[in-house]
Amino acid sequence: KTALKMSTEVEETMKRIQSHRGVKGVLICTAEGVPIRSNLPEDAEQTHSALISQLANKANSVVRTLDDTDELTFFRIRSKKHEIMIAPDKDYLLVVIQDPNM
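It should be emphasised that the depicted structure is a prediction, and the values quoted were computed from it without experimental measurement. (Residues numbered from 1 in each chain as written. Predicted model: local features only at pLDDT ≥ 70, side-chain atom pairs only at ≥ 80, totals over all residues. Heavy atoms only, no water.)

K.L.:
Can you lay out the pattern of salt bridges for me, pointing to particular residues and giving the numbers?
P.N.:
Taken as a whole, this structure holds four salt bridges when the rule is applied. With its nearest N and O atoms 3.0 Å apart, the salt bridge here joins Arg76 to Glu83. The exposure class assigned to Glu83 is buried, which follows from its relative accessible area of 4%. Of the charged contacts in the structure, one is a salt bridge between Lys90 and Asp91, with a shortest N-O distance of 3.6 Å. Bridged by salt links that share partners, the residues Arg76, Arg78 and Glu83 form one connected network. (Salt bridge = Lys/Arg side-chain N within 4 Å of Asp/Glu carboxyl O. Buried < 20%, exposed > 50% of the residue type's maximum accessible area, 1.4 Å probe, protein only.)

Shown next as C-alpha coordinates:
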(Lines give C-alpha, C1' and ligand atoms only; values in the text may rest on other atoms or scores of the structure.)
Protein backbone atom coordinates (compact mmCIF):
# COMPACT_ATOMS: atom_id res chain seq x y z
CA LYS A 1 0.00 0.00 0.00
CA THR A 2 1.13 3.51 -0.60
CA ALA A 3 1.96 5.71 2.37
CA LEU A 4 -0.84 8.12 1.39
CA LYS A 5 -3.45 5.35 1.29
CA MET A 6 -2.26 4.00 4.65
CA SER A 7 -2.32 7.51 6.13
CA THR A 8 -5.90 7.99 4.93
CA GLU A 9 -6.90 4.64 6.44
CA VAL A 10 -5.29 5.61 9.76
CA GLU A 11 -7.14 8.96 9.78
CA GLU A 12 -10.46 7.26 8.98
CA THR A 13 -9.92 4.67 11.70
CA MET A 14 -9.05 7.34 14.27
CA LYS A 15 -12.15 9.35 13.34
CA ARG A 16 -14.33 6.25 13.61
CA ILE A 17 -12.93 5.43 17.08
CA GLN A 18 -13.26 9.05 18.24
CA SER A 19 -16.92 9.10 17.22
CA HIS A 20 -17.83 6.49 19.85
CA ARG A 21 -19.58 7.82 22.93
CA GLY A 22 -17.25 8.46 25.84
CA VAL A 23 -14.00 8.41 23.86
CA LYS A 24 -11.72 11.17 25.15
CA GLY A 25 -8.60 10.42 23.18
CA VAL A 26 -6.94 8.22 20.61
CA LEU A 27 -3.19 7.79 20.46
CA ILE A 28 -0.87 5.88 18.17
CA CYS A 29 2.73 5.61 19.32
CA THR A 30 5.76 3.45 18.71
CA ALA A 31 6.48 0.54 21.04
CA GLU A 32 9.28 2.74 22.43
CA GLY A 33 6.80 5.47 23.41
CA VAL A 34 7.27 8.01 20.61
CA PRO A 35 3.90 9.54 19.72
CA ILE A 36 2.94 9.36 16.05
CA ARG A 37 -0.68 10.54 15.93
CA SER A 38 -3.21 11.58 18.51
CA ASN A 39 -5.98 14.00 19.36
CA LEU A 40 -4.57 14.64 22.84
CA PRO A 41 -2.90 17.88 23.92
CA GLU A 42 0.86 17.65 23.30
CA ASP A 43 1.86 17.31 26.97
CA ALA A 44 -0.72 14.55 27.54
CA GLU A 45 0.35 12.88 24.29
CA GLN A 46 3.99 12.74 25.43
CA THR A 47 3.13 11.52 28.94
CA HIS A 48 0.62 8.88 27.84
CA SER A 49 2.96 7.59 25.10
CA ALA A 50 5.91 7.21 27.46
CA LEU A 51 4.03 5.62 30.36
CA ILE A 52 1.71 3.35 28.39
CA SER A 53 4.54 2.00 26.23
CA GLN A 54 6.47 1.08 29.39
CA LEU A 55 3.38 -0.60 30.82
CA ALA A 56 2.73 -2.48 27.56
CA ASN A 57 6.31 -3.75 27.51
CA LYS A 58 5.99 -4.93 31.12
CA ALA A 59 2.58 -6.54 30.49
CA ASN A 60 3.97 -8.33 27.45
CA SER A 61 6.94 -9.52 29.51
CA VAL A 62 4.58 -10.93 32.17
CA VAL A 63 2.53 -12.80 29.54
CA ARG A 64 5.69 -14.22 27.92
CA THR A 65 7.17 -15.22 31.30
CA LEU A 66 4.00 -17.10 32.23
CA ASP A 67 3.87 -18.85 28.85
CA ASP A 68 6.64 -18.28 26.30
CA THR A 69 4.37 -19.43 23.47
CA ASP A 70 1.81 -16.72 24.24
CA GLU A 71 1.74 -13.02 23.39
CA LEU A 72 -0.14 -9.97 24.59
CA THR A 73 -2.84 -8.87 22.14
CA PHE A 74 -4.92 -6.39 24.13
CA PHE A 75 -5.28 -5.02 27.64
CA ARG A 76 -7.49 -2.59 29.49
CA ILE A 77 -7.00 -0.46 32.59
CA ARG A 78 -9.99 1.03 34.33
CA SER A 79 -10.01 3.67 37.05
CA LYS A 80 -12.85 5.76 38.45
CA LYS A 81 -12.25 8.47 35.84
CA HIS A 82 -10.79 6.72 32.80
CA GLU A 83 -10.65 3.49 30.92
CA ILE A 84 -7.53 2.99 28.82
CA MET A 85 -7.55 0.29 26.18
CA ILE A 86 -4.26 -0.71 24.59
CA ALA A 87 -3.82 -2.81 21.47
CA PRO A 88 -0.10 -3.51 21.10
CA ASP A 89 1.49 -4.56 17.84
CA LYS A 90 5.12 -5.46 17.11
CA ASP A 91 6.13 -1.85 16.42
CA TYR A 92 3.17 0.29 17.49
CA LEU A 93 0.51 0.77 20.16
CA LEU A 94 -3.06 1.88 19.60
CA VAL A 95 -4.41 3.52 22.74
CA VAL A 96 -8.00 4.60 23.33
CA ILE A 97 -8.92 6.63 26.41
CA GLN A 98 -12.54 6.86 27.39
CA ASP A 99 -14.80 7.91 30.21
CA PRO A 100 -16.14 4.67 31.76
CA ASN A 101 -19.15 6.50 33.19
CA MET A 102 -20.72 7.42 29.88
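K.L.:
So what about the side chain of Glu45? Which residues, and what values?
P.N.:
Looking at where Glu45 falls in the secondary structure, it is placed in helix α2 (residues 42–66). Buried within the structure, Glu45 lacks any salt-bridge partner; its nearest side chain of opposite charge belongs to Arg37, at an N-O separation of 9.1 Å. A polar contact is formed between the side chain of Glu45 and the side chain of Ser38, at a distance of 2.7 Å. Excluding its chain neighbours within four sequence positions, the residues that come into contact with Glu45 are Leu27, Pro35, Ser38 and Leu40. (Helix = DSSP H or I, 4+ residues; strand = E, 2+ residues; numbered from the N terminus. Lys, Arg positive; Asp, Glu negative; His and termini not counted. Polar contact = N/O pair within 3.5 Å; in protein donor to acceptor, adjacent residues only side chain to side chain. Contact = heavy atoms within 4.5 Å.)

K.L.:
Which residues make up a negative patch on the surface, and what values go with them?
P.N.:
Together, Asp67, Asp68, Asp70 and Glu71 line one region of the surface with negative charge. When you line up the elements, Asp67 lands in the loop between α2 and β3 (75–78). With relative accessibility at 33%, the residue Asp67 sits in the partly exposed group. (Patch = residues over 30% accessible without salt bridge, like charges linked within 9 Å, V, L, I, M, F, W, Y side chains within 5 Å. Areas by Shrake-Rupley, 256 points an atom, 1.4 Å probe, with all protein chains shown as cover. Charge placed at Lys NZ, Arg CZ, Asp CG, Glu CD.)

K.L.:
Would you mind going over the side chain of Ser53 in detail, with residue names and values included?
P.N.:
Relative to the helices and strands, Ser53 resides in helix α2. Assessed through its relative accessible area of 2%, Ser53 is described here as buried. Of note is the side chain of Ser53, whose polar atom sits 3.0 Å from the backbone oxygen of Ala50.

K.L.:
So what's going on with the nonpolar core? Residues and values would help.
P.N.:
Core analysis: the biggest nonpolar cluster contains 15 residues, and Ile52, Phe75, Ile84, Ile86, Leu93 and Val95 have the highest contact counts within it. Residues contacting Leu93, with those up to four places away along its chain left out, are Leu27, Ile28, Cys29, Thr30, Ile52, Ser53, Ala56, Ile86, Ala87 and Pro88. Residues Met14, Val23, Ile28 and Met85 belong to the second largest nonpolar core, which totals seven residues. (Core = buried A, V, L, I, M, F, W, Y, C linked by side-chain atoms within 4.5 Å.)

K.L.:
If you had to explain the pairing of strand β2 (residues 35–38) to someone new, which residues and values would you point to?
P.N.:
Regular strands place side chains that alternate from one sheet face to the opposite one. Pairing between strand β1 (residues 23–30) and β2: three bridges, direction antiparallel. If you follow Leu27 over to β2, its bridge partner there is Ser38. In sequence, β1 turns back onto β2 through a hairpin of four residues, with Gly33 there showing a positive phi of about 95°. (Pairing = 2+ DSSP bridges.)

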